[in-house]
Structures are given as C-alpha cells and as structure tokens.
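Spelled out from the first residue to the last, the chains are:
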2 protein chains.
Amino acid sequence: MKVSGGGVVNVFLEEIRSQPEVLARRLDQGWAAVEEVAARLRRERPAALMVAARGSSDHAATYAKYLFEIRNRIPVALAAPSAFTVYGSPPRLAGLAMLAISQSGASPDVAAVAEEARRQGRPAFALVNDARSRLGRAAEVVIPMGAGRERSVPASKTYTSSLLCLAMLSCALDPDPAFRAAIEAVPAAVAEALASGASRLADGVEGRRLAVIGRGYQLATAQEVALKVTETSYLLAEARSVADFMHGPIAAVDPDLPVLLLEAGGPALADMRRLERRLESEGACLLRIGDTLRPDARSVRVRTGLPESLTPIPFAAAGQLFAHALAARRGLDPDRPRGLRKITETT
Amino acid sequence: MKVSGGGVVNVFLEEIRSQPEVLARRLDQGWAAVEEVAARLRRERPAALMVAARGSSDHAATYAKYLFEIRNRIPVALAAPSAFTVYGSPPRLAGLAMLAISQSGASPDVAAVAEEARRQGRPAFALVNDARSRLGRAAEVVIPMGAGRERSVPASKTYTSSLLCLAMLSCALDPDPAFRAAIEAVPAAVAEALASGASRLADGVEGRRLAVIGRGYQLATAQEVALKVTETSYLLAEARSVADFMHGPIAAVDPDLPVLLLEAGGPALADMRRLERRLESEGACLLRIGDTLRPDARSVRVRTGLPESLTPIPFAAAGQLFAHALAARRGLDPDRPRGLRKITETT
C-alpha cells in the first residue's frame, strides 16, 4: 500500500482504475485470436461447449454460459474438473469443444481438463493472461486476456478482460454491427462505472454477511461481487439468481442481512423489481446497482448505454469499487487477503 | 407440530424418518422406468445430457453431473432456465437429451425447458414426484420419485429418492452387479445415518453463518445441507467444493464461522483432509460428517458401507437431522419456513 494525497491507494484500486485502458487495448489487439477460435468453432459445429475454470474465471464461465446459450444458442456445460483429476474418469467429449479460462493458466486442474480434451482429439481453447503457462501450452488456440501482470490477489482487470474477450468471441461467431458497436463502447461504460460513486454502498453494510442477487447475465456479476467482498473483507457472501433465491435462501432475509440487487435493463428487470418490492415489504436492508434507477445513499446508477448482455462488465467494475471501499472502511488491505495467494494450485 | 412423548415431532422429522421405507419401495417398484430411459439413451447416444432443476432438485442435478460424468462418462450441462423463459432464446439442443427434475413438477420454468426439448425433437425425461404435473405431462418418459406426498416445505424424502433414482439410472446405463448390490443396500445405510446422532452437530453452531464443504460427489450434499439450514434456521450458509473454497472463500474463515466438512471415503478424501488440517491450524470451528472418522461431540460417523458415489444419500439424511435439530434448538418450526411455500412458481 502507498499513501497518496491523503487517501490510501493500493494495487487493487490501481488495477481497478486501469480497466478502461486495458479493455481499450484488448479491442485494438484482440480480434484476431477470437476470429481464429470462431472460425474453428464454425467448422466444428460442436453440440455443446464445455468451459473449465475456477474462482473469478468460473464467474466468467457463468457469463459465457448465458451469452453463448442466449446469443449464439450453443449449449454450455461448466466442467467439474475433479472428474478429470481426482476421479481420473473424464467424460467422453465426442461432439464437444473445450474452453478453459484462467488468469495464471497455472492451476493444474484447469490445465488438465484442456489437456484431456486434446487427448480425446477435441478442439480446446484457452482464455488466459499468461500464454506461456501450462494451460496456454495445452490449448490449440490461445485468446490472451492481455491485461498485463495482475499483482493484487483479488482479480479485477483480468475478470473484465475475460468478459470482454467472451463478448468478442460471441460477436465473431454471430456478427452483428450493433453488437459490435456496443462492444466498442465497453471501455467508456467501465469509465462511467468507475465514476458512479459505488464506494458509498460500503456504508450500508454492517456485520459479516451479504447476499448478492442478479438474474440471467448478472448472475455472473453477483458471483464475482460476492467473491470480491469475501476476499477483501472476509464476509460470508451468497450469490444467487432471483429464481434460486426464491427457492429457499429468501428465508434467511431479515433487516440484519444486507442484500445487493443488480438491476440491469432487459427482460430480467421485471423479475428483479418484483423481488425488490417483496424484500422492501419485509424490511430488508437493500443496496442497488442499476442502469435506470434513481441514485441515493444505497442505490448506485451506472448509465452503461449497453445492451443487457454487456452490462456485466461495467457492473463488475462498480462492484469492485464497493468491495474496495468495504475493505478500506474496515482497515483491511485488499491486496493481501488472509489465506490466499495469487496462484491457487488446486488439483 | 405435534408433541409426542415429551419431544416435538413435526412433519419434517416424520418425513426424514420415513426415508428407509420410501427408498426400499423405490427399489421394489422403480426399475422399469429407469430401464426405459436408459434404453432410450443408449439408442440416442447423446453428446451430452442437459439437466434442468431448481432448489433441492438442483442439488440432485449436481449429483447427476458427477455420477453420469464419472461413472457413465456422459457430459452433463445444468440448464439455465431463464435462457428458455425470460430471454426466450433457448440453446439449440441437437445431439443432446434433456432430464428435468422437480418434486412438484409445477414450476413453470423447469417444465418450459422440457417442453422446449420436445419442440426441438429431442428426448426429454422427467424425474418427478407428481407425474400428473405440467412437467410430468411434458416428458416422454417419467421416472416417478414415488415418495408419496411431501408435506413439509423443506424437501427430505423427495431429495434422497431423486438421488436413488439417478443412481438406478446410472446402473441401468452401465450395469455392474457390485454397483447394483450397493444400490440395494442404500435404505439400510440411510437407516444407519438416522441413528448416527447427527443432531448433536447443532450444538456446535452459534450465530447466523455456516460454510459446508464437500468435494466431488459430496458437493451436492453440501449444497443440500446448506439449503436445509437456511430454510429451517435462517442461516446464511455457503456450500463449496474444496477447490472452489481454496480459490477465495477460505479467506472468510475465522473461529466465529462454523465449517461443516463432509468426508466420504474415496479419492476426494485426501483433499478434504488437507483442508481440514489447514482449517484446524487456523483455529476454525469444525464440524464433520464422515464415513471413517472417530466420533466425538463435533464429528458424526455414518458407516455407510457404500461406494463413495452412493454416500450422498445417507449423508444427506444425516444433514437433515442436523438441520432439524438446529431449528428445534432455536425454537423454529421447520415445517413452515418464513417466506416459502411448498411449490415455488418461478418463470
């Protein structure tokens, strides 16, 4: 940590702030790799895409599931790496293609999944920040995250860069000028999110618990924001879709459990609003990040100007500011969460 | 609730205790339906199976993923129902088969997924307790849970019956006399679990938070036990695999956060034990349900005598007793959780 102008600036915050630039560079340099993967997938026409990942990258995989299923209509299965490693009995991948996502590319389990896909003669691609890693070497084509070295343990720029690369791949598979133009507008939307004042949401969180609710595309953001506050402030944070929340966890809601709602526009908004009214009537402590809401002490507006499918990128950036502020308010150093290292080598 | 012999007996506890009988009846009557589905799947040879479910049934879907991928080597994708309903843009299911799991069969989103599979000309099966439901009518073949009416809001017998039916289907797909014999021993193993004294684990839980950790096959149990304590005692409870826990949530561990470890035998045990030693050295408050451990105030031994792939059934029963005891200790009525009804109609 270094102190600058009276405020504490740590690496996590620096990396959060670097995202508009990182994402703009990705748009400049990243299309060739995604076009190559898209061409390969168009030739192969897999019945389904299997995506392997852990941690923040697993939330990028959740985003991939919604994006590829809804926009490209390709079924997506999230891999259970232990079937490949611990149990040594991987599924037969005939008819499938594999995409592995990892910042470091060094976690043995995720690399093992890609290696097994190659062994079975299946197309295997990697979305990775370190192309020289074991995962990078295992893949047929690498899509580089191109985020530069990430020094803070909690991921920020590699997460949003992963999402952007996935959106670029979706666009390359089913080109559409309007979607392409929206992708080009993502860095500006992230800059807008960083100016949204999302840090103030931290003032609404007492205690050691948080629920984060999204629906559809924003389920990935809910998972990622929940992990950020867990890593940086040691909260137990549960991420759920509206529907899964209604099927049980809603029973845990009371005024002591802060609930963060992620309200992007689009078809999922009506459901989010219904849940919001119900929680309000029960006296829940609500926090909100939304595209169209009226800002107040507990509601942050991020005017993304983007189609719903791209809003998880700026919403994640707003969530990072919230997580950072929560740690700062509690006197914790988000760069060095207890019990975690930058590369987690699970098998 | 009724008071019987000095203790409070509610419907949840009655239904928990009925499970050995319910499961034995399933073994008597259930093979024809799973054989029919297995024959259809063998003819069809799908590249992957998509499984659609919500709530407790979604945890049965997690079990199906590990079981079918490891034992039958069929890739499994868990459906995102909102792609089919909210977004109205379902994935192309060519080459896939569909299995929908639901106690009531009445949740519109899960039924809609099965209906869409039929519309696309794909094989669609339902594992359901009410065969006359919308989901039951949509399916090509129904596998009945056969659990009888479940009156308590938190599922118990329909969950273990779902897991047993999935194991029977796995066996029908790849017959093996040893696995078949182990399946026949499940009701006795569940009776053993109900006599394990798992209720005493409730004495180790103060506060409003819990983490439940499994690995591989026991991830489903972790999810189900976490949901049970949320529904019955309003805890915020997080379920994770060991690997996912290491990639972030482990930072939230301190002596105030009880962590329940599910330690079945098999290849996953070494990983569980490594995590256990690490958490112990950090002073975490550990509770354990295990197959081979030494019982004490915070460790419950369930001698299942089963292969790891079937241990989630008796382990879930032990977890139900724990959840029931936790509610009783806090003076809550598990039959009627606040904010929940038996049939949740999400779209």
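Not measured: the values here are computed from a predicted model.

J.: Let's hear about the sheet that holds strand β7 (residues 141-144) of chain A: which residues, and what values?
T.: Sheets are built from strands that pair by backbone hydrogen bonding, the pairs being arranged parallel or antiparallel. All names here are of chain A. Taken in spatial order, the five strands make up an open sheet running β4-β3-β5-β6-β7, and their pairing is parallel. Edge positions in the sheet fall to β4 (76-78) and β7, since each of these pairs with one other strand and no more. For this sheet the average axis-to-axis angle between neighbouring strands, irrespective of direction, equals 20°. The sheet contact formed by strand β3 (residues 48-52) and strand β5 (residues 96-102) spans five bridges and is parallel. Directly across from Met 50, in β5, lies its bridge partner Met 98. Against the sheet, helix α4 (residues 56-71) engages β3, β4 and β5, with an angle of about 160° to β4.

J.: Explain helix α3 (residues 31-44) of chain B to me, and be specific about the residues and the numbers.
T.: Residue and element names in this part refer to chain B. With 14 residues, α3 ought to run about 20 Å at 1.5 Å a step, and its terminal C-alpha atoms sit 20 Å apart, in line with that. Of the residues making up α3, those classed as buried are Trp 31, Ala 33, Val 34, Val 37, Ala 38, Arg 40 and Leu 41. Looking at the packing, one finds that the buried side of α3 touches α2 (19-29), β5 (96-102), β6 (124-128), β7 (141-144), α8 (157-173) and α9 (177-184). Positioned one or two residues after α3, Arg 45 has a phi angle of 45°, which is positive.

J.: Tell me what's going on with the pattern of salt bridges, and back it up with residues and numbers.
T.: Once their charged atoms are close, side chains differing in charge can pair, the charge on each being opposite to the other. All names here are of chain A. In the structure shown here, the tally under the stated rule is 55 salt bridges over all chains. Taking the shortest distance from any N to any O, the salt bridge between Arg 288 and Glu 276 comes out at 2.6 Å. With a gap of 12 residues between them, Arg 288 in strand β11 (residues 285-290) and Glu 276 in helix α13 (residues 269-281) connect regions that are remote in the sequence. The exposure class of Arg 288 is buried, given its relative accessible area of 15%. A network of salt bridges, in which partner residues are shared, links Arg 40, Glu 44, Arg 122 and Glu 140.

J.: Break down the nonpolar core for me, citing the residues and quoting the values.
T.: One broad trend across soluble globular proteins is that nonpolar side chains are buried collectively. Ranked by size, the top nonpolar core spans 220 residues in total, and within it Ile101(A), Ile183(A), Phe322(A), Ile101(B), Ile183(B) and Phe322(B) carry the most contacts. Those residues in contact with Ile183(A) that lie beyond four places of it in its chain are Leu27(A), Trp31(A), Leu164(A), Ala167(A), Met168(A), Cys171(A) and Leu310(A). Val242(A), Leu261(A), Met272(A) and Ala284(A) belong to the second largest nonpolar core, which has 20 residues in total.

J.: Just give me the short version of the interface of chain B and chain A, but keep the residues and values in it.
T.: At the junction of the two partners, chain B supplies 68 residues and chain A supplies 68 residues. It is Tyr87(B), Leu236(B) and His247(B) that lose the most area in chain B upon contact with chain A, and together they represent 14% of the buried surface on that side. Our count for the contact surface shared by chain B and chain A stands at six salt bridges. The partner of Asp254(A) in a salt bridge is Arg338(B), with the nearest N and O atoms 3.8 Å apart. Across the contact surface, chain B and chain A share 26 residue pairs in polar contact (both at pLDDT 80 or more). Elements supplying a minimum of two residues to the side of chain B that touches chain A: α4 (56-72), β4 (76-78), α5 (81-84), β8 (209-214), α11 (218-233), β9 (236-241), α12 (242-246) and α13 (269-281) of chain B. Per element, the largest residue contribution to the side of chain B that touches chain A is six residues, and it comes from α4(B). Within the side of chain B that touches chain A, the residues separate by chemical class into 36 nonpolar, 14 polar and 18 charged.

J.: How would you sum up the pairing of β3(A)? Please name residues and give values.
T.: The side chains of a regular strand alternate between the sheet's two faces. Residues and elements named next belong to chain A. Across the five residues that make up β3, a large majority, five, are buried. Side chains Ala 48, Met 50 and Ala 52 project from β3 onto one buried face, and the interleaved Leu 49 and Val 51 project onto a second face that is buried too. With α4 bridging β3 and its parallel neighbour β4, the resulting β-α-β unit is right-handed.

J.: Please set out the packing of α2(B) against helix α10 (residues 186-194) of chain B residue by residue, giving values where relevant.
T.: Residue and element names in this part refer to chain B. Interhelical geometry of α2 versus α10 gives an angle of 175° and a closest axis separation of 8 Å. Comparing their axes, α10 and α2 come out roughly antiparallel. Contacts between α2 and α10 involve Gln 19, Pro 20, Leu 23, Ala 24 and Leu 27 on the former and, on the latter, Val 186, Pro 187, Val 190, Ala 191 and Leu 194. Considered class by class, the residues forming the contact of α2 with α10 number nine nonpolar, one polar and no charged.

J.: Kindly report on the relation of the copies chain B and chain A, identifying the contributing residues and their values.
T.: Between chain B and chain A, the superposition needs a rotation of 180° and an axial shift of 0.0 Å, giving an RMSD of 0.0 Å. The symmetry that links the two subunits is that of a two-fold axis. Within chain B, the C-alpha atom positioned nearest to the axis of rotation is that of Ala77(B), 2.1 Å from it. Comparing interface residues between copies, 100% of those in chain B also lie at the interface in chain A; the contact surface is shared.

J.: Can you tell me about the side chain of Glu308(B), naming the residues and giving the values?
T.: In this structure, Glu308(B) sits in the loop between β12 (299-301) and α14 (312-329). Of the side chains with opposite charge, Arg215(B) lies nearest to the buried Glu308(B), which makes no salt bridge, at 8.5 Å. When sequence neighbours within four positions are dropped, the list of residues in contact with Glu308(B) reads Tyr87(A), Arg215(B), Tyr217(B), Ala264(B), Gly265(B), Gly266(B), Pro267(B) and Ala268(B).

J.: Would you mind going over the side chain of Thr62(B) in detail, with residue names and values included?
T.: Residue and element names in this part refer to chain B. In this structure, Thr 62 sits in helix α4. Residue Thr 62 is classed as buried on the basis of its relative accessible area, which comes to 6%. Here the side chain of Thr 62 touches Gln 223 through a polar contact of 2.8 Å, side chain to side chain. Each residue touching Thr 62, except ones within four places of it in the same chain, is listed here: Leu 78, Leu 219, Ala 220 and Gln 223.

The rules behind the values
Residues numbered from 1 in each chain as written. Chains lettered and ligands numbered in written order. Predicted model: local features only at pLDDT ≥ 70, side-chain atom pairs only at ≥ 80, totals over all residues. Heavy atoms only, no water. Pairing = 2+ DSSP bridges. Helix = DSSP H or I, 4+ residues; strand = E, 2+ residues; numbered from the N terminus. Axes fitted to C-alpha atoms, helices over the stretch in contact; angles between N-to-C directions. Contact = heavy atoms within 4.5 Å. Expected span 1.5 Å × (residues − 1). Buried < 20%, exposed > 50% of the residue type's maximum accessible area, 1.4 Å probe, protein only. Salt bridge = Lys/Arg side-chain N within 4 Å of Asp/Glu carboxyl O. Core = buried A, V, L, I, M, F, W, Y, C linked by side-chain atoms within 4.5 Å. Buried area = accessible area lost by both parts, 1.4 Å probe. Polar contact = N/O pair within 3.5 Å; in protein donor to acceptor, adjacent residues only side chain to side chain. Nonpolar A, V, L, I, M, F, W, Y, C, P; charged D, E, K, R; others polar. Right-handed = clockwise from strand over helix to strand, strands pointing away. Parallel < 35°, antiparallel > 145°, perpendicular 65-115°, else oblique. Least-squares fit on C-alpha atoms with pLDDT ≥ 70 in both. Lys, Arg positive; Asp, Glu negative; His and termini not counted.

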